[in-house]
Amino acid sequence: MAAVVIVAVVVLLWLVTGVRVVQQYERGVVFRLGRVSGRVREPGVSLLVPVVDRMRKVNVQVVTMPVPAQEGITKDNVSVSVDAVLYFRVMDPVKATVDVQNYSFAMLQVAQTSLRSIIGKSELDDLLSGRENLHQGLEVMLESPATGWGVQIDRVEIKDVSLPDSMKRSMARQAEADRERRARIITADGEFQAAAKLAEAASTMSENPAAMQLRLLQTVVEVAAEKNSTLVLPFPVELLRFFEASAARAAEPEA
(Lines give C-alpha, C1' and ligand atoms only; values in the text may rest on other atoms or scores of the structure.)
Protein backbone atom coordinates (compact mmCIF):
# COMPACT_ATOMS: atom_id res chain seq x y z
CA MET A 1 0.00 0.00 0.00
CA ALA A 2 2.83 2.35 0.77
CA ALA A 3 4.29 1.80 -2.67
CA VAL A 4 0.93 2.47 -4.29
CA VAL A 5 0.58 5.69 -2.32
CA ILE A 6 4.07 6.80 -3.31
CA VAL A 7 3.37 6.09 -6.98
CA ALA A 8 0.08 7.98 -6.80
CA VAL A 9 1.76 10.97 -5.20
CA VAL A 10 4.50 10.97 -7.86
CA VAL A 11 1.91 10.81 -10.67
CA LEU A 12 -0.07 13.59 -9.05
CA LEU A 13 3.01 15.78 -8.74
CA TRP A 14 3.90 15.02 -12.35
CA LEU A 15 0.45 16.09 -13.47
CA VAL A 16 0.54 19.23 -11.37
CA THR A 17 4.00 20.30 -12.59
CA GLY A 18 3.58 19.08 -16.15
CA VAL A 19 0.15 20.48 -17.04
CA ARG A 20 0.04 23.82 -18.85
CA VAL A 21 -2.98 25.70 -20.16
CA VAL A 22 -2.62 27.65 -23.41
CA GLN A 23 -5.15 30.45 -23.88
CA GLN A 24 -7.11 30.96 -27.09
CA TYR A 25 -4.99 34.00 -28.07
CA GLU A 26 -1.69 32.21 -27.38
CA ARG A 27 0.49 29.52 -28.89
CA GLY A 28 2.98 27.43 -26.93
CA VAL A 29 6.56 26.68 -28.01
CA VAL A 30 8.04 23.72 -26.07
CA PHE A 31 11.78 23.44 -25.49
CA ARG A 32 13.00 19.96 -24.53
CA LEU A 33 16.52 20.10 -23.14
CA GLY A 34 17.05 23.38 -24.97
CA ARG A 35 15.70 22.30 -28.36
CA VAL A 36 12.33 23.07 -29.90
CA SER A 37 10.28 19.92 -29.46
CA GLY A 38 7.39 18.91 -31.69
CA ARG A 39 4.75 21.17 -33.12
CA VAL A 40 3.45 24.40 -31.67
CA ARG A 41 0.97 23.73 -28.89
CA GLU A 42 -2.53 24.89 -29.73
CA PRO A 43 -4.99 26.43 -27.21
CA GLY A 44 -6.10 24.06 -24.48
CA VAL A 45 -4.42 21.75 -21.99
CA SER A 46 -0.88 20.64 -22.79
CA LEU A 47 1.18 18.02 -20.92
CA LEU A 48 4.90 18.55 -20.41
CA VAL A 49 7.65 16.34 -19.05
CA PRO A 50 8.65 17.85 -15.68
CA VAL A 51 12.18 19.24 -15.48
CA VAL A 52 12.87 18.25 -19.10
CA ASP A 53 10.33 20.43 -20.95
CA ARG A 54 9.88 24.16 -20.76
CA MET A 55 7.10 26.06 -22.53
CA ARG A 56 7.16 29.62 -23.75
CA LYS A 57 3.82 31.18 -24.65
CA VAL A 58 3.60 33.59 -27.56
CA ASN A 59 0.73 36.05 -28.00
CA VAL A 60 -0.73 35.92 -31.53
CA GLN A 61 -3.13 38.86 -31.17
CA VAL A 62 -2.79 41.92 -33.36
CA VAL A 63 -0.37 44.32 -31.69
CA THR A 64 -0.96 48.07 -32.02
CA MET A 65 2.40 49.77 -31.68
CA PRO A 66 2.75 53.58 -31.80
CA VAL A 67 5.92 54.70 -33.52
CA PRO A 68 7.42 57.77 -31.76
CA ALA A 69 7.70 60.98 -33.75
CA GLN A 70 10.75 61.05 -35.99
CA GLU A 71 12.30 64.33 -37.11
CA GLY A 72 13.76 64.67 -40.56
CA ILE A 73 14.18 66.86 -43.62
CA THR A 74 12.01 66.18 -46.63
CA LYS A 75 13.17 66.00 -50.21
CA ASP A 76 12.23 69.68 -50.71
CA ASN A 77 14.24 70.76 -47.61
CA VAL A 78 11.43 71.17 -45.07
CA SER A 79 12.01 70.13 -41.45
CA VAL A 80 9.11 67.98 -40.20
CA SER A 81 8.25 65.63 -37.36
CA VAL A 82 6.24 62.54 -38.28
CA ASP A 83 4.75 59.82 -36.10
CA ALA A 84 2.99 56.63 -37.18
CA VAL A 85 1.19 53.56 -35.89
CA LEU A 86 2.02 49.94 -36.73
CA TYR A 87 -0.30 46.92 -36.65
CA PHE A 88 1.27 43.45 -36.73
CA ARG A 89 0.81 39.92 -35.41
CA VAL A 90 2.93 36.79 -34.91
CA MET A 91 2.33 34.14 -37.56
CA ASP A 92 5.22 31.77 -36.76
CA PRO A 93 5.73 31.48 -32.96
CA VAL A 94 8.91 29.38 -33.40
CA LYS A 95 10.67 32.07 -35.48
CA ALA A 96 9.42 34.84 -33.19
CA THR A 97 10.89 32.97 -30.22
CA VAL A 98 14.12 31.52 -31.64
CA ASP A 99 15.27 33.85 -34.44
CA VAL A 100 14.89 37.19 -32.60
CA GLN A 101 15.42 38.05 -28.95
CA ASN A 102 12.52 40.52 -28.64
CA TYR A 103 10.38 40.80 -31.77
CA SER A 104 8.34 43.76 -30.42
CA PHE A 105 11.45 45.85 -29.75
CA ALA A 106 12.94 44.80 -33.10
CA MET A 107 9.78 45.83 -34.97
CA LEU A 108 9.79 49.20 -33.21
CA GLN A 109 13.38 49.91 -34.21
CA VAL A 110 12.80 48.90 -37.83
CA ALA A 111 9.65 51.05 -37.96
CA GLN A 112 11.55 54.10 -36.70
CA THR A 113 14.39 53.76 -39.19
CA SER A 114 11.96 53.10 -42.05
CA LEU A 115 9.91 56.16 -41.12
CA ARG A 116 13.02 58.37 -41.15
CA SER A 117 13.97 56.93 -44.53
CA ILE A 118 10.51 57.66 -45.94
CA ILE A 119 10.69 61.27 -44.70
CA GLY A 120 13.96 61.85 -46.55
CA LYS A 121 12.63 60.38 -49.79
CA SER A 122 9.30 62.26 -49.82
CA GLU A 123 8.23 65.81 -50.46
CA LEU A 124 6.06 67.82 -48.09
CA ASP A 125 2.99 67.58 -50.33
CA ASP A 126 3.28 63.78 -50.30
CA LEU A 127 3.35 63.72 -46.48
CA LEU A 128 0.30 65.96 -46.28
CA SER A 129 -1.92 64.65 -49.08
CA GLY A 130 -0.38 61.56 -50.72
CA ARG A 131 -0.11 59.30 -47.71
CA GLU A 132 -1.53 56.15 -49.30
CA ASN A 133 1.61 55.63 -51.35
CA LEU A 134 3.77 56.31 -48.29
CA HIS A 135 1.83 53.72 -46.28
CA GLN A 136 2.47 51.13 -48.97
CA GLY A 137 6.15 52.05 -49.08
CA LEU A 138 6.48 51.71 -45.32
CA GLU A 139 4.73 48.33 -45.38
CA VAL A 140 7.11 47.05 -48.06
CA MET A 141 10.15 48.22 -46.09
CA LEU A 142 8.92 46.52 -42.90
CA GLU A 143 7.74 43.30 -44.47
CA SER A 144 11.17 41.97 -45.42
CA PRO A 145 12.66 41.77 -41.90
CA ALA A 146 9.28 40.94 -40.34
CA THR A 147 8.88 37.81 -42.46
CA GLY A 148 12.20 36.46 -41.21
CA TRP A 149 11.01 36.96 -37.62
CA GLY A 150 7.69 35.18 -38.14
CA VAL A 151 5.73 38.44 -37.98
CA GLN A 152 3.05 39.60 -40.42
CA ILE A 153 2.45 43.32 -41.02
CA ASP A 154 -1.28 44.08 -41.12
CA ARG A 155 -0.97 47.79 -41.86
CA VAL A 156 1.13 50.84 -41.08
CA GLU A 157 -0.14 54.42 -41.21
CA ILE A 158 1.30 57.89 -40.73
CA LYS A 159 -0.68 59.45 -37.92
CA ASP A 160 0.45 63.07 -37.74
CA VAL A 161 2.83 65.48 -39.45
CA SER A 162 4.10 68.42 -37.38
CA LEU A 163 5.41 71.49 -39.20
CA PRO A 164 7.39 74.49 -37.90
CA ASP A 165 5.32 77.59 -37.11
CA SER A 166 7.07 79.57 -39.85
CA MET A 167 6.09 76.93 -42.43
CA LYS A 168 2.48 76.97 -41.20
CA ARG A 169 2.34 80.74 -41.65
CA SER A 170 3.86 80.46 -45.12
CA MET A 171 1.32 77.81 -46.13
CA ALA A 172 -1.51 79.96 -44.76
CA ARG A 173 -0.31 82.95 -46.82
CA GLN A 174 0.01 80.74 -49.89
CA ALA A 175 -3.52 79.37 -49.45
CA GLU A 176 -4.89 82.90 -48.93
CA ALA A 177 -3.11 84.18 -52.04
CA ASP A 178 -4.41 81.26 -54.07
CA ARG A 179 -7.99 81.91 -52.94
CA GLU A 180 -7.63 85.60 -53.77
CA ARG A 181 -6.27 84.73 -57.20
CA ARG A 182 -9.21 82.45 -57.90
CA ALA A 183 -11.65 85.10 -56.66
CA ARG A 184 -10.14 87.68 -59.01
CA ILE A 185 -10.27 85.28 -61.94
CA ILE A 186 -13.92 84.51 -61.25
CA THR A 187 -14.72 88.24 -60.94
CA ALA A 188 -12.88 89.05 -64.16
CA ASP A 189 -14.62 86.22 -65.97
CA GLY A 190 -17.98 87.51 -64.75
CA GLU A 191 -17.13 91.03 -65.96
CA PHE A 192 -16.05 89.63 -69.32
CA GLN A 193 -19.28 87.71 -69.77
CA ALA A 194 -21.34 90.72 -68.65
CA ALA A 195 -19.49 92.99 -71.09
CA ALA A 196 -20.07 90.53 -73.90
CA LYS A 197 -23.79 90.40 -73.15
CA LEU A 198 -23.99 94.20 -72.89
CA ALA A 199 -22.21 94.58 -76.22
CA GLU A 200 -24.65 92.12 -77.78
CA ALA A 201 -27.60 93.99 -76.27
CA ALA A 202 -26.24 97.34 -77.50
CA SER A 203 -25.84 95.95 -81.00
CA THR A 204 -29.43 94.70 -80.97
CA MET A 205 -30.76 98.05 -79.69
CA SER A 206 -28.79 100.03 -82.28
CA GLU A 207 -30.41 98.00 -85.04
CA ASN A 208 -33.90 98.38 -83.54
CA PRO A 209 -34.50 101.79 -81.87
CA ALA A 210 -37.87 100.65 -80.51
CA ALA A 211 -36.03 98.23 -78.24
CA MET A 212 -34.35 101.22 -76.54
CA GLN A 213 -37.74 102.75 -75.82
CA LEU A 214 -39.04 99.48 -74.37
CA ARG A 215 -35.96 99.16 -72.19
CA LEU A 216 -36.44 102.74 -70.99
CA LEU A 217 -40.03 102.05 -70.01
CA GLN A 218 -39.04 98.90 -68.20
CA THR A 219 -36.42 100.87 -66.25
CA VAL A 220 -39.05 103.42 -65.27
CA VAL A 221 -41.32 100.64 -64.01
CA GLU A 222 -38.49 99.15 -61.93
CA VAL A 223 -37.65 102.52 -60.40
CA ALA A 224 -41.31 103.27 -59.67
CA ALA A 225 -41.64 99.98 -57.80
CA GLU A 226 -39.27 101.32 -55.13
CA LYS A 227 -41.93 103.93 -54.14
CA ASN A 228 -39.50 106.83 -54.29
CA SER A 229 -40.79 110.35 -53.72
CA THR A 230 -38.88 111.65 -56.70
CA LEU A 231 -38.75 109.98 -60.09
CA VAL A 232 -36.15 111.16 -62.56
CA LEU A 233 -37.22 110.34 -66.10
CA PRO A 234 -34.50 110.64 -68.74
CA PHE A 235 -35.60 112.34 -71.95
CA PRO A 236 -34.73 110.18 -74.97
CA VAL A 237 -32.54 111.77 -77.60
CA GLU A 238 -34.61 110.10 -80.33
CA LEU A 239 -37.65 112.17 -79.26
CA LEU A 240 -35.64 115.40 -79.57
CA ARG A 241 -34.59 114.34 -83.04
CA PHE A 242 -38.25 113.67 -83.88
CA PHE A 243 -39.25 117.18 -82.73
CA GLU A 244 -36.31 118.66 -84.65
CA ALA A 245 -37.30 116.81 -87.82
CA SER A 246 -40.93 117.89 -87.42
CA ALA A 247 -39.88 121.53 -86.95
CA ALA A 248 -37.70 121.32 -90.05
CA ARG A 249 -40.60 119.97 -92.15
CA ALA A 250 -42.93 122.69 -90.85
CA ALA A 251 -40.44 125.40 -91.74
CA GLU A 252 -39.93 124.26 -95.38
CA PRO A 253 -43.31 125.65 -96.82
CA GLU A 254 -42.60 129.05 -95.27
CA ALA A 255 -39.27 129.13 -96.99
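Remember, predicted model here, so these are calculated numbers, not experimental data. (Residues numbered from 1 in each chain as written. Predicted model: local features only at pLDDT ≥ 70, side-chain atom pairs only at ≥ 80, totals over all residues. Heavy atoms only, no water.)

Caption draft 1: Summary view of a nonpolar patch on the surface. Taken together, the side chains of V7, V11, W14, L15, V21, V45, L47 and V49 present a nonpolar region at the surface, about 670 Å² in accessible area. Following the sequence through the fold, L15 ends up in helix α1 (residues 2-18). For L15, a relative accessible area of 35% corresponds to the partly exposed category. (Patch = residues over 30% accessible without salt bridge, like charges linked within 9 Å, V, L, I, M, F, W, Y side chains within 5 Å. Areas by Shrake-Rupley, 256 points an atom, 1.4 Å probe, with all protein chains shown as cover. Salt bridge = Lys/Arg side-chain N within 4 Å of Asp/Glu carboxyl O. Helix = DSSP H or I, 4+ residues; strand = E, 2+ residues; numbered from the N terminus. Buried < 20%, exposed > 50% of the residue type's maximum accessible area, 1.4 Å probe, protein only.)

Caption draft 2: Here's a closer look at the environment of V80. One can find V80 in strand β7 (residues 79-90). Taking C-alpha positions, V80 is 68 Å from Q213, a pair spaced 133 residues apart along the chain.

Caption draft 3: Seen up close, a negative patch on the surface. Among the surface-exposed residues, D76, E123, D125 and D126 lie close enough to one another that they form a single negatively charged patch. Position of D125 relative to the elements: it lies in helix α4 (residues 124-129). Under the relative-accessibility criterion, D125 is labelled exposed at 51%. (Lys, Arg positive; Asp, Glu negative; His and termini not counted. Charge placed at Lys NZ, Arg CZ, Asp CG, Glu CD.)

Caption draft 4: Quick peek at the nonpolar core. Residues V80, V82, L86, F88, Y103, M107 and I158 are the most contacted members of the largest nonpolar core, which totals 35 residues. Elements with a minimum of two residues in this core: β2 (26-32), β6 (63-73), β7, α3 (103-121), α4, α5 (131-148) and β8 (151-162). It is α3 that provides the largest number of residues to this core, a total of 8 residues. Leave out the neighbours within four places in its chain, and L86 touches V63, T64, M65, V67, M107, A111, L142, I153, R155 and V156. (Core = buried A, V, L, I, M, F, W, Y, C linked by side-chain atoms within 4.5 Å. Contact = heavy atoms within 4.5 Å.)

Caption draft 5: Broad picture of the side chain of T74. Within the element layout of this structure, T74 appears in the loop between β6 and β7. What T74 contacts, discounting residues up to four positions off in sequence, is V80, I119, G120, S122, E123, L124 and L127.

Caption draft 6: Molecular detail of the pattern of salt bridges. A full pass over the atoms with the stated rule returns 6 salt bridges. Between D53 and R32 there is a salt bridge; the shortest N-O distance is 2.7 Å. Here the residue D53 occupies a position in strand β5 (residues 53-59), and R32 occupies one in strand β2, the gap between them amounting to 21 residues. Owing to a relative accessible area of 10%, D53 belongs among the buried residues under this scheme. R32 sits in the partly exposed class, given a relative accessible area of 35%.

Caption draft 7: Fine view of the side chain of D83. When you line up the elements, D83 lands in strand β7. The buried charged residue D83 lacks any salt bridge partner; its closest oppositely charged side chain belongs to K159, at an N-O distance of 4.3 Å. Residues in contact with D83, not counting those within four places in the same chain, are V67, P68, A69, L115, I158, K159 and D160.

Caption draft 8: Spatial organisation of the packing of α3 against α5. Running from N to C, α3 and α5 point in directions that differ by 140 degrees, and their axes come no closer than 10 Å. Relative to α5, the element α3 lies oblique. When you trace α3 past α5, the crossing you get is right-handed. In this structure, α3 contributes M107, V110, A111, S114, L115, S117 and I118 to the contact, and α5 contributes L134, G137, L138, M141, L142, P145 and A146. Grouping the amino acids of the contact of α3 with α5 by side-chain chemistry returns 11 nonpolar, 3 polar and no charged. (Axes fitted to C-alpha atoms, helices over the stretch in contact; angles between N-to-C directions. Parallel < 35°, antiparallel > 145°, perpendicular 65-115°, else oblique. Left-handed = near helix turned anticlockwise from the far one by under 90°. Nonpolar A, V, L, I, M, F, W, Y, C, P; charged D, E, K, R; others polar.)

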